[in-house]
Structure formats: C-alpha cells, structure tokens
Amino acid sequence: MKRIGILTRDCAGVNAAIRAFVRSASACKVEVYGIFRGYQGLIEGDLKLLNHRSVSGIINLGGTILKAARSKQFRTLAGQRQAVRTLHDNKIEGLAVVGGNGSLAGAHVLATKYSIPVIGIPTTIDNDVNGVEMSIGADTAVNVALDALDKIRDTATSLERIFVVEVMGRDCGYIALRVALAGGCEEVLLPEKSFNVEKICEEIVEGNIQGKVSWIIVVAEGKVKAVDIAKKINTLTDLETREVVLGHIQRGGRPTAFDRIIAARYAHHAFEALTSGKLDRCVTLKEGKLTTIPLAKAIRPKDIEINDYYKLVKILT
Ligand code: F6P
C-alpha cells in the first residue's frame, strides 16, 4: 500500500492516534491523507496530505484536527458510492477509521459492499465497542466527570444538599458506573439496570434521620433525565435537591496518559495490520497484547460488567 486515508470522530486521544498513524506510515514511506469531517468529507473529497510535521504539537490536544461530523448522506447508496469514488480518484488504497459504533459500522459497509481495505481504531467515551475493553477517550471522560463530581461534592457537603449528576454514555452506563465508584457516590442509575426512585427516597429519608446530610446520585443519560429525578426526590423527601448535567465537557479536554498511550499503540498496530492485509477488522487489546477482531463483531451490542461494580458502589456507601 502506498497511500492510506484516515478519518475520525472526536474525543480526547484522537489527535494522538492521528499522529501515531501518520508517523508510523511515514516511517515506511506510505502517504496518509487526512479526511475532514468523517464520511461527509470523504463524500465531498475534503482531504489533505499529512506528513510528519503536520501532526506536530497535537498529542496533548482534545478533539480532532480532522474535524468530525455525522453524515446522513453516507447512509444512502449514492453517498457511499461517492465516498468510494473519492478513494479511487485519489488512489487511496486503504482507510483507517477512528471512531465508535457508527463510524466502525460505516467502515464495515465499505469493506463488505465495496471491497475497500479498512481498519478500525476504537474511539468513544461510551466505551461500548464490543470486544474492546478500552476505547480511546473513555479514560479521559471518566476523569473529567470525576473531577467535576469532586467539585460538586464540595457544595453538596457544605450546603448539605442532594445532587443528581447526569453523565454521558448514550445507552451505556460505563462512565456512570466508574464515576460513581471512584467518586464515592451513594447511588447510580444505569440504562442497563432497573431502579426504584421511591425506594431511593426512603433510603435518603432514613439516612437523613440518622444524620446523613448530603448525597450524590449519578444518572447515566439514555434512560432518565437528572432534572426529572431531582424533582421527584425533592417532592418525595422535601430535601433540597439540585441537578447538574455534565454534557460535552466529558468528550473534550487534554487526553490522559492512558488515552495517549492506547491511542499510540492502537494506531501503530492499525497501520501494521492494514498494510499486512488484515482487513475489515478493529484493533484491540487482549490480555495486554495488541490484536484485531472482525469489525462485524465490534459493531454488535456490548454487554458491560455491571453487577460487581454496582454492588461495590452500594457496599461502600
Ligand atoms: O457517543 C459519544 C456521545 O458523546 C454520547 O455519550 C452522547 O450520547 C452522544 O455522543 C452525543 O452526541 P452529539 O454530540 O452528536 O449530541
């Protein structure tokens, strides 16, 4: 392979992955074209040759220098054909896709329907890529959310309030569960687990009688809204309850060392896999060693470990 394209979604660690991919390729005299705004940029032919120098000074930056977009057009046959045409017109022989389920599903379509050699690099704060223990960006998101939660705790303790903190994760409770455990929270409401707000309120009132005055409840987006839970708790307990929605701050920021390191390792391995003919696959770690799994497996729904973590949150309350 002489020329490869790379497109991305945004989250912390993606720039570190672009840098590692470009530099791994450049060491082997392979050209890398950065494709802007994901599949939309591929359809529109919005691409630029990247070299060793053009990825300098980005390892510590959040977001993606290649920008990101959701492309409705890529869902259509005409859009897909135009994307393939861009690759052929620019003599791009392979494509690295840095992203979560949606982006990886797109890569799988290009591989299976259009015989484009693709490799996936798992990247999502939701950490919900099947068969992948850690996606790039998830560690930073947990740390950003935890930092915010620690600050909220200062007010919760000082003003003796209840806080309901909503974290991201789409339909996956990964961030919520990690933050609840690391932040010493009293309760966590997850999309994967049923819960009973009335019962939680009984526990709060009981705790209050015994002198417990502040609570932090983490809510994973996807099933309920922090604002509704806070209102209900306030009504049922008559205790001051506030909601905080952390939102997109969790997707940005300086990547942690962990994310930069897996980004470098995944991207380098992705380059080697793609150029040695391992196609329609996604890089991952298995027992600490780099490997690849079929994209068809990576895009299936992932079951995350809930019970052990949840039990621990409750035991340690
Ligand atoms: O998949 C990553 C994620 O940040 C989810 O946690 C969240 O639900 C979603 O993307 C938000 O998407 P958007 O930025 O397009 O609103």
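An account of the accompanying structure is given in this report. The shown structure was predicted, so the numbers you read here are calculated from the model rather than taken from an experiment.

### Examining the pattern of salt bridges
According to the stated counting rule, one finds 14 salt bridges in the structure shown. Where glutamate 198 meets lysine 232, a salt bridge forms, and the shortest distance between an N and an O atom there is 3.2 Å. One end of the pair, glutamate 198, is in helix α7 (residues 197–209); the other, lysine 232, is in helix α8 (residues 226–237), with 34 residues separating them in the sequence. Salt-bridge contacts for arginine 242 lead to glutamate 240; the nearest nitrogen and oxygen are separated by 2.9 Å.

### Quick notes on the packing of helix α1 (residues 14–27) against helix α9 (residues 257–275)
One can describe the packing of α1 onto α9 by two numbers: an axis separation of 8 Å at closest approach and a directional angle of 40 degrees. Seen from above, α1 lies across α9 with right-handed handedness. Between α1 and α9, the contacting residues are Ala16, Ala17, Ala20, Phe21, Ser24 and Ala25 on the first element and Arg260, Ala263, Ala264, Ala267, His268, Ala270, Phe271 and Leu274 on the second. For the contact of α1 with α9, a count of residues per class yields eleven nonpolar, two polar and one charged.

### Digging into the sheet that holds strand β1 (residues 3–8)
Spatially, seven strands are ordered β3-β2-β1-β4-β5-β10-β11 in an open sheet, and the strand pairing comes out mixed. Both edges of this open sheet fall to β3 (47–50) and β11 (289–294), since each of them pairs with a single strand only. Direction aside, neighbouring strands of the sheet carry axes that sit 30 degrees apart on average. Both β1 and strand β4 (residues 94–99) contribute to a ladder of five bridges, which runs parallel.

### Side note on a nonpolar patch on the surface
A cluster of nonpolar side chains, contributed by Leu312, Ile315 and Leu316, occupies part of the molecular surface with about 310 Å² of accessible area. Mapped onto the fold, isoleucine 315 is located in helix α11 (residues 307–315).

### Remarks on the site of the ligand
Residues in close proximity to the ligand include Arg70, Ile125, Asp126, Met168, Gly169, Arg170, Glu221, His248 and Arg251, which together make up its full environment. Contact distances for the ligand include 3.2 Å between an oxygen atom and a side-chain N or O atom of arginine 170. At a separation of 2.9 Å, an oxygen atom of the ligand approaches a polar side-chain atom of arginine 251. Out of a free accessible area of 400 Å², the ligand has 74% covered by protein chains. Two domains each put at least three residues into the shell around the ligand: domain 1 (3–137 + 255–298) and domain 2 (139–251).

### Considering the environment of alanine 27
By the secondary structure assignment, alanine 27 is in helix α1. In sequence terms alanine 27 and histidine 52 are 25 residues apart; their C-alpha atoms lie 9.0 Å from each other.

### A word on the pairing of β11
In this sheet, β11 lies alongside strand β10 (residues 281–286) in antiparallel orientation, the contact comprising six bridges. By the bridge assignment, leucine 285 is partnered in β11 with leucine 290. Where β10 hands over to β11, the hairpin turn is made up of two residues, of which glutamate 287 adopts a positive phi near 50 degrees.

### Let's talk about unusual backbone geometry
Its identity is not glycine, yet arginine 170 carries a phi of approximately 50 degrees, on the positive side. As for its position among the elements, arginine 170 is in the loop between β6 (162–167) and α6 (174–182). Accessibility expressed as a relative area gives 46% for arginine 170, which makes it partly exposed. Even without glycine at this site, glutamate 287 takes up a positive phi of about 50 degrees. With respect to the helices and strands, glutamate 287 occurs in the loop between β10 and β11.

### Focus: the pairing of strand β8 (residues 215–220)
Among the six residues in β8, six count as buried, and that is most of the element. With burial as the criterion, each face of β8 is covered, one bearing Trp215, Ile217 and Val219 and the other bearing Ile216, Val218 and Ala220. In the sheet, β6 pairs with β8 via six bridges, with the strands oriented parallel. The partner of isoleucine 162 across the bridge, within β8, is tryptophan 215.

### With respect to the packing of aromatic side chains
Enumeration over the complete set of coordinates arrives at two aromatic pairs. Between phenylalanine 21 and phenylalanine 271 the ring centres are 5.8 Å apart and the planes differ by 85 degrees, which places this aromatic pair in the edge-to-face class. Of this pair, phenylalanine 21 sits in helix α1 while phenylalanine 271 sits in helix α9, placing them 250 residues apart in sequence. The exposure class assigned to phenylalanine 21 is buried, which follows from its relative accessible area of 0%. Ring geometry for tyrosine 39 versus phenylalanine 74: centroids 4.1 Å apart, planes at 15 degrees, classification stacked. Separated by 35 residues along the polypeptide, tyrosine 39 in helix α2 (residues 38–44) and phenylalanine 74 in the loop between β3 and α3 (77–89) bring together distant segments of the chain. On the basis of relative accessible area, tyrosine 39 is assigned to the buried category, the value being 9%. Above the plane of the ring of tyrosine 309 lies arginine 178, whose end atom (NZ or CZ) is 3.9 Å from the centre. Here the basic side chain of lysine 212 rests over the ring of tryptophan 215, its NZ or CZ set 5.1 Å away from the ring centre.

Rules used in this analysis
- Residues numbered from 1 in each chain as written.
- Predicted model: local features only at pLDDT ≥ 70, side-chain atom pairs only at ≥ 80, totals over all residues.
- Heavy atoms only, no water.
- Salt bridge = Lys/Arg side-chain N within 4 Å of Asp/Glu carboxyl O.
- Helix = DSSP H or I, 4+ residues; strand = E, 2+ residues; numbered from the N terminus.
- Axes fitted to C-alpha atoms, helices over the stretch in contact; angles between N-to-C directions.
- Left-handed = near helix turned anticlockwise from the far one by under 90°.
- Contact = heavy atoms within 4.5 Å.
- Nonpolar A, V, L, I, M, F, W, Y, C, P; charged D, E, K, R; others polar.
- Pairing = 2+ DSSP bridges.
- Patch = residues over 30% accessible without salt bridge, like charges linked within 9 Å, V, L, I, M, F, W, Y side chains within 5 Å.
- Areas by Shrake-Rupley, 256 points an atom, 1.4 Å probe, with all protein chains shown as cover.
- Near = heavy atom within 4 Å.
- Polar contact = N/O pair within 3.5 Å; in protein donor to acceptor, adjacent residues only side chain to side chain.
- Domains from an automatic or database assignment.
- Buried < 20%, exposed > 50% of the residue type's maximum accessible area, 1.4 Å probe, protein only.
- Phe/Tyr/Trp six-rings, centres within 6.5 Å; stacked < 30°, edge-to-face > 60°.
- Lys NZ or Arg CZ within 6 Å of the ring centre and 35° of its normal.

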